[in-house]
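Residues per chain, in single letters:
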Amino acid sequence: MTDETNGIEVDGLVREYRKGPRAVDGIDLSVAPGEIYGFLGPNGAGKSTTVHVLTTLLPPTSGTARVGGFDVVKSGPKVRALIGVALQEAALDPLLTGRDHLRLQATLQGVRKDQRRVRADELLERVGLADAGDRKVSGYSGGMKRRLDLALALIHGPRILFLDEPTTGLDPQSRTALWEEVARLRREDRVTVFLTTQYLEEADVLADRVGIIDQGKIVAEGTPAALKAEIGRPSVHAIPQRDEDKPRIAEFLAQFGEPLATSRDVAVRLRDGLGLTDIVRALDANGVEVVDLELRAPSLDDVFLAKTGRTLEGATEEAEAEQQQQRVG
Amino acid sequence: MSNSWPQVTAIARRSVVRTARQPASFIPPLIFPIALMAVNAGGLRSSTNLPGFPTDSFLAFALAVPFIQGALFSTMNAGTELARDIQTGFVNRLALTALRDWALLTGQLAGVVALGMIQVLFYIAVGVSAGVEIRSGFAGVLVLLVYGAIVSLSFGALGSFLAYRTGSGEMIQALFPVLFVFLFISSMNTPRNLIGVEWFRIAATLNPVSYMIECVRSLIITGWDPQALLLGFGFVIIIGVVSLTLAARALRSRMTRT
């Protein structure tokens, strides 16, 4: 076990739905106390199901999971007492005010009566909703709802925080504010954070370690830097002057490395020892013209591509198309 | 084991606050039953001339109906609200707290009961100001309040059961007319012994809603009728016990937390 108090240990976790595929297919993971763990994957990869199991909302089909030292199946109430959760849908009551929500949540979480108001005021202030606390949630923007959701998750001072796609649909400013708050929680309060996301940048900026999940399995795990270093070599992306030039430029660039599947440009992962200048010289020497040429360091998307053969964006689109087909069918 | 009553009162408070902030959910249960009673009292006044009709005032006779009709509205509202909580994920939010299952059900029903008692007081106030004399006196009004609370609890539990079971507000709304059929094939407009159509009299006799109406009616127009009270309380308690049991079971399978 990582730690008696704040860690998460998952071993061979499987969750099957009665009439569906294995949403989670034998995952193992370990989150250290005070760590921000980013769980990255496209829609339908199994991120939310994992969170539901770890937060005791769903029993696993097999495998074990311990949160804060407690088994999620055998000690559900103990797990719930030490975690804070903000699920993907910020399920708020539009008729209640922000302060009503905090008061209700504080009571249900067993916060002492004399502490409820103080705690609510403190959290409203912290998430920037002090002025909006007495307004009904129906008048809140998406960002305000997310911030209130975070405040609700923190009302009882949890040691472990689960955030399921907390910034989906948020504007960049709200996203950055939420990132800062999550980072502060880890830095000042030593809260362990399990964060699911489909945003590469979010995992990259925020997470100490990242687990990449696809079709219910963890396909890669490590610090963002280590994962990118595994890919090692940068890629070169060229934008042709005309679309019909793409095949010719692709063929030309293939001599510098292996081609990458992208929809917008022509790209190759450079072979060891080659740089951008080698390509510029070759392009010049052969009179091949491009509008733009860019050297990119490996990203988490490259890691995802290398591990699954698809880009994260492409996998998300595939999952959405599949869901749409299931709805129509 | 920590004290769960603060949880119960917090959930009940939310239920009352939500209702208070949605006039559309508490005004119809107050107004429609009274409006229907006024229409019936106007159109069926001559029924009081039938030999054996128990009172001279049809309004006094009909005042019992809003009690049950209002409870049906409350059932639907409670069920629909709960189904919405399930659909939006609010029940998951509650499931992630230290809230106990029974405290959630009790809190929600406490809110329904509080609103049900407000309805009863409103119907009594309207009836008394329209000239109805409550024959059982002040003690009878207190019994009416208690009965209103039990009816709201029983029907509220039925609404909660449907919500936990189906998770669909639309499904609950669709059941509303079915419950109303029970009201219309009861003794709501005519005493059972004066119903001329045989099948209707049999149906009204088999229908528990008849005994619930007659229980309330006896306190208003007769005074203290032990048989009517026993049957009325008996049926509503049976409905309540069955509904609460079903609701508690459905809640357990809905809140699948470990």
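Residues numbered from 1 in each chain as written. Chains lettered and ligands numbered in written order. Predicted model: local features only at pLDDT ≥ 70, side-chain atom pairs only at ≥ 80, totals over all residues.

### Details of the environment of Pro226 of chain B
Residues and elements named next belong to chain B. Counted only if it meets this: Helix and strand assignments follow DSSP, with helices taken as H or I runs no shorter than four residues and strands as E runs no shorter than two, numbered in order from the N terminus. To sort residues by burial, count the other C-beta atoms lying within 10 Å of each one's C-beta; a count of 20 or more means buried, 12 or fewer means exposed, and anything in between means partly exposed. C-beta atoms are built from the backbone.
Inspection of the secondary structure puts Pro226 in helix H11 (residues 226-254). Judged by local crowding, Pro226 falls into the exposed class, with 8 C-beta atoms found within 10 Å. Spatially, the C-alpha atom of Pro226 lies 28 Å from that of Phe73, the residues being 153 residues apart in sequence.

### Describing the packing of helix H4 (residues 64-88) of chain B against helix H7 (residues 137-166) of chain B
Residue and element names in this part refer to chain B. Rule in force here: Note on definitions: angles span 0 to 180 degrees between N-to-C directions of axes, and those axes are lines fitted to C-alpha atoms, for helices only across the stretch in contact. A clockwise turn of the near helix away from the far one marks a right-handed crossing, whereas an anticlockwise turn of less than a right angle marks a left-handed crossing. The contact criterion used is a C-beta to C-beta distance within 7 Å, with each C-beta placed from the backbone. Just so you know the grouping, Ala, Val, Leu, Ile, Met, Phe, Trp, Tyr, Cys and Pro go in nonpolar, Asp, Glu, Lys and Arg go in charged, and all remaining residues, Gly too, go in polar.
The geometry of H4 relative to H7 is characterised by a closest axis approach of 8 Å and an angle of 35 degrees between their N-to-C directions. Where H4 crosses over H7, the two elements pack in a sense that is right-handed. Packed against H4, whose contacting residues are Phe67, Ile68, Ala71, Leu72, Ser74, Thr75, Met76, Ala78, Gly79, Leu82, Ala83 and Ile86, the element H7 presents Gly148, Val151, Ser152, Phe155, Gly156, Leu158, Gly159, Ser160, Leu162, Ala163 and Thr166 at the interface. Here the residues of the contact of H4 with H7 are counted per class, giving 14 nonpolar, nine polar and no charged.

### What about the sheet that holds strand E8 (residues 192-197) of chain A?
All names here are of chain A. Selection criterion: Strand pairing is assigned whenever DSSP identifies at least 2 bridges connecting the two strands.
Strand order in the open sheet formed by six strands is E6-E7-E8-E3-E9-E10, with mixed pairing between adjacent strands. Edge strands, defined here as strands with exactly one partner in the open sheet, are strand E6 (83-86) and strand E10 (217-222). Across the sheet, the mean angle separating the axes of adjacent strands is 15 degrees when strand polarity is ignored. Sheet analysis places strand E7 (residues 160-164) next to E8, joined by five bridges and oriented parallel. Opposite Phe162, over in E8, you have Phe194 as the bridge partner.

### As for the packing of helix H3 (residues 98-108) of chain A against helix H1 (residues 5-20) of chain B
As a reminder, the rule being used: Convention used here: angles under 35 degrees read as roughly parallel, angles over 145 as roughly antiparallel, angles from 65 to 115 as roughly perpendicular, and any remaining angle as oblique.
Their axes nearest at 8 Å, the elements H3 of chain A and H1 of chain B cross at an angle of 155 degrees. Classified by the angle their axes make, H3 of chain A and H1 of chain B are roughly antiparallel. Between H3 of chain A and H1 of chain B lies a crossing whose hand is left-handed. Side by side, H3 of chain A and H1 of chain B meet where Asp100, Leu104, Thr107 and Leu108 of chain A of the first sit next to Pro6, Gln7, Ala10, Arg14 and Val17 of chain B of the second. In terms of residue class, the contact of H3 of chain A with H1 of chain B is made up of five nonpolar, two polar and two charged.

### Re the nonpolar core
Rules: For this entry, the nonpolar core is defined as buried Ala, Val, Leu, Ile, Met, Phe, Trp, Tyr and Cys residues connected by C-beta atoms within 7 Å.
Counting residues in hydrophobic clusters, the biggest one holds 144 residues, and the most contacted among them are Ala151 and Val193 of chain A together with Val216 of chain B. If one sorts the elements of this core by residue count, H7 of chain B sits on top with twelve residues. The next biggest cluster of nonpolar side chains, apart from the first, holds nine residues, and it includes Val236, Val266, Ile279 and Val290 of chain A.

### Considering the confidence of the model for chain B
We apply this condition: pLDDT gives the predictor's per-residue confidence on a scale running from 0 to 100.
When the pLDDT values of chain B are averaged, the result is 90; 98% of them are 70 or greater. Here the predicted complex carries an ipTM of 0.82, next to a pTM of 0.81.

### Looking at the domain arrangement of chain A
Accessible area lost on assembly of the parts is the figure often given for the size of an interface. Here is the rule: Domain segmentation is taken from an automatic or database assignment of domains.
When the domains of chain A are assigned, the result is domain 1 (8-228) and domain 2 (233-297). Computed from C-alpha atoms alone, the centre-to-centre distance between domain 1 of chain A and domain 2 of chain A is 41 Å.

### Thoughts on the pairing of strand E3 (residues 36-40) of chain A
Each regular strand carries side chains that alternate between the two faces of the sheet. All names here are of chain A. Counting buried residues in E3 gives five out of five residues, a clear majority hidden from the surface. Covered by surrounding structure in E3 are Ile36, Gly38 and Leu40 together with Tyr37 and Phe39, the residues of both alternating faces. Judged from the four bridges that link them, E3 and strand E9 (residues 209-214) form a sheet pairing that is parallel. Bridging from a neighbouring strand, Leu40 pairs with Ile212 of E9.

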